[in-house]
There are 2 protein chains.
Amino acid sequence: MTTTGKRGPYRGTAARRREIVDAAAEVFGESGYRAGSLKDIAGRVGIDASSLLHHFGSKHVLLEAVLADKVSRDAQALHWDEEIEPAEFPAALIRLAERNAANPGVIGLYTVLLAESTTVDHPSADFFRDRHATTRRDFLRGFDAMAEAGLLAEDVTPQEAALSTLAIWDGAQTQWLLDPGAIEVVAVLRGHFRRITRVEV
Amino acid sequence: MTTTGKRGPYRGTAARRREIVDAAAEVFGESGYRAGSLKDIAGRVGIDASSLLHHFGSKHVLLEAVLADKVSRDAQALHWDEEIEPAEFPAALIRLAERNAANPGVIGLYTVLLAESTTVDHPSADFFRDRHATTRRDFLRGFDAMAEAGLLAEDVTPQEAALSTLAIWDGAQTQWLLDPGAIEVVAVLRGHFRRITRVEV
DNA sequence: GTCTATATTGGGATAGAC
DNA sequence: GTCTATCCCAATATAGAC
């Protein structure tokens, strides 16, 4: 047994890596990838930047670990694997938005890196392009099921619902990051679902 | 008379400054502010970075010039000063979106800097916070007038219309930058107006 | 596993010649 | 107005001692 707890010299490498990934997610969310420094990340863990690089060979590798971690946490929170009733689909998305609102850090990480990834030669461009395509597909599947059950508003196609939901969600989060008092992400999303569906949220 | 044309040694300082601002807008849009280098900007103009700094004392000053230039161009395109008929308000916004779609560089500049400005210690944080507040007010005024004329959809408040329009617009532009084939900004905006108003767009 | 020391690169900015 | 040369600083990454 090599991991004996969360602290102390026998805490283990796995725990240290977890600490680093968490700190990196914080820093990348606050400063972006390029402007976020390994020194800052290492400082929050209480080690030197060169020690950090002992665990993750390069900044790029660390970024990938952070993104992979976020994907696995999101999947866990959403339970995409379980079947979701068409009528429950909007409510499931609202729950995810509420969970994000309670963890402001994840909003920054996602929103800042998303926009940064549209710049030239950005290491996470492919990641976000793939991830947005996947999200669009997931949304489309959910709204397709709603359409079949007659739960979409008149003249709203599943495609339209998927694209507009993703757009309004991202945009609301950006506005919230810029000025937290100016907008409530969950309320905007509820209003959107009220307009494009026939179910209560 | 010191400015005799667009090229040649007597082109004038004003023309050179214009070239620099245009190149800076390109580079900041493609790479963001922090990652965009003065060397890159100067290279596109055909001068050295130190020559650039002769015209604009620092990178920060150049950024402010770029943002001020964008504001004045937008104001010119929108003609906010002239009165807009309530029924024409959505169409006016669509025109602006169409104009942006024709100048992809503008979208990158705005969207990338907007998200970057949410990171810690960013020099344009105040600018974008103020600008978004102003835009929200402008939108609110337009939708208020529509509400008075009975042109908003049922159960849609002017406040809701303003916030959601800004969010869906920003979000759609981000998606477009990430993957230009995946979304059409103007179509998403049209769909949104179709749902929140009673006018044809 | 962590540190110190260092290599290397690239950034913004200044001084001074022309 | 523009260039070359230079300064200073911060960053990622590596080497090697402990």
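The rules behind these values
- Here the residue index of a chain counts from 1 through its sequence in written order.
- The naming scheme follows written order: chains are lettered A onward, ligands numbered 1 onward.
- Local features are withheld for residues below a pLDDT of 70 in this predicted model, meaning they are given only at 70 or higher, and side-chain atom pairs are given and counted only at 80 or more; totals for whole chains, interfaces and linings count all residues.
- To get the side-chain values, take all heavy atoms of the structure and skip hydrogens and water.
- UniProt positions are given in the numbering used here, feature names are shortened, and annotations may be inferred rather than shown by experiment.
- Numbering of helices and strands runs from the N terminus, with a helix taken as a DSSP run of H or I at least four residues long and a strand as a DSSP run of E at least two residues long.
- Salt bridges are defined by distance alone: a side-chain nitrogen of Lys or Arg within 4 Å of a carboxyl oxygen of Asp or Glu.
- For every residue, the accessible area (1.4 Å probe, protein chains only) is compared with the maximum for its type, and the residue is labelled buried under 20%, exposed over 50%, or partly exposed between those bounds.
- The contact rule is simple, with two residues in contact once any of their heavy atoms fall within 4.5 Å.
- Accessible area that two parts lose when put together, evaluated with a 1.4 Å probe and summed over both, is termed the buried area.

**Description of the UniProt feature "domain: HTH tetR-type" (unreviewed entry) in chain A**
In the numbering used here, UniProt assigns the feature "domain: HTH tetR-type" (unreviewed entry) to residues 14–74 of chain A. Secondary structure content for residues 14–74 of chain A is 80% helix and 0% strand, while the C-alpha to C-alpha distance between its ends is 21 Å.

**Overview of the pattern of salt bridges**
Per the counting criterion, the structure on display carries 36 salt bridges over all chains. Asp179 of chain A is the partner of Arg136 of chain B in a salt bridge, and the nearest nitrogen-oxygen pair spans 3.7 Å. Of the two residues, Arg136 of chain B sits in helix H7 (residues 125–148) while Asp179 of chain A sits in the loop between helix H8 (158–178) and helix H9 (185–196), which places them in two different chains. The residue Arg73 of chain B makes a salt bridge to Asp69 of chain B at a minimum N-O spacing of 3.0 Å. Of this pair, Arg73 of chain B and Asp69 of chain B are both found in helix H4 (residues 59–78), four residues apart, which corresponds to roughly one turn of the helix. On the accessibility criterion, Arg73 of chain B (37% relative accessible area) is partly exposed.

**A short note on unusual backbone geometry**
The phi angle at Asp155 of chain A is positive, at roughly 65°, despite the residue not being glycine. Note that Asp155 of chain A resides in the loop between helix H7 (125–148) and H8. Exposure remark for Asp155 of chain A: the relative accessible area of 61% places this residue in the exposed category. Notably, Asp121 of chain B is not glycine yet its phi reads approximately 60°, a positive angle. With respect to the helices and strands, Asp121 of chain B occurs in the loop between helix H6 (104–116) and H7. Judged by relative accessible area, which is 76%, Asp121 of chain B ranks as exposed.

**Concerning the interface of chain A and chain B**
Counting from both sides, the interface comprises 41 residues of chain A and, opposite them, 40 residues of chain B. Around 3300 Å² of area is buried between chain A and chain B when both sides are counted, 64% of it from carbon and sulfur atoms. Contact with chain B buries surface across chain A, with Gln175, Leu178 and Arg195 of chain A losing the most and accounting together for 21% of the total. Summed over the shared surface of chain A and chain B, the result is six salt bridges. For Glu160 of chain A, the salt bridge goes to Arg195 of chain B, with nearest N and O atoms at 3.2 Å. Elements with a minimum of two residues in the side of chain A that touches chain B: helix H1 (13–31), helix H6 (104–116), H7, H8 and H9 of chain A.

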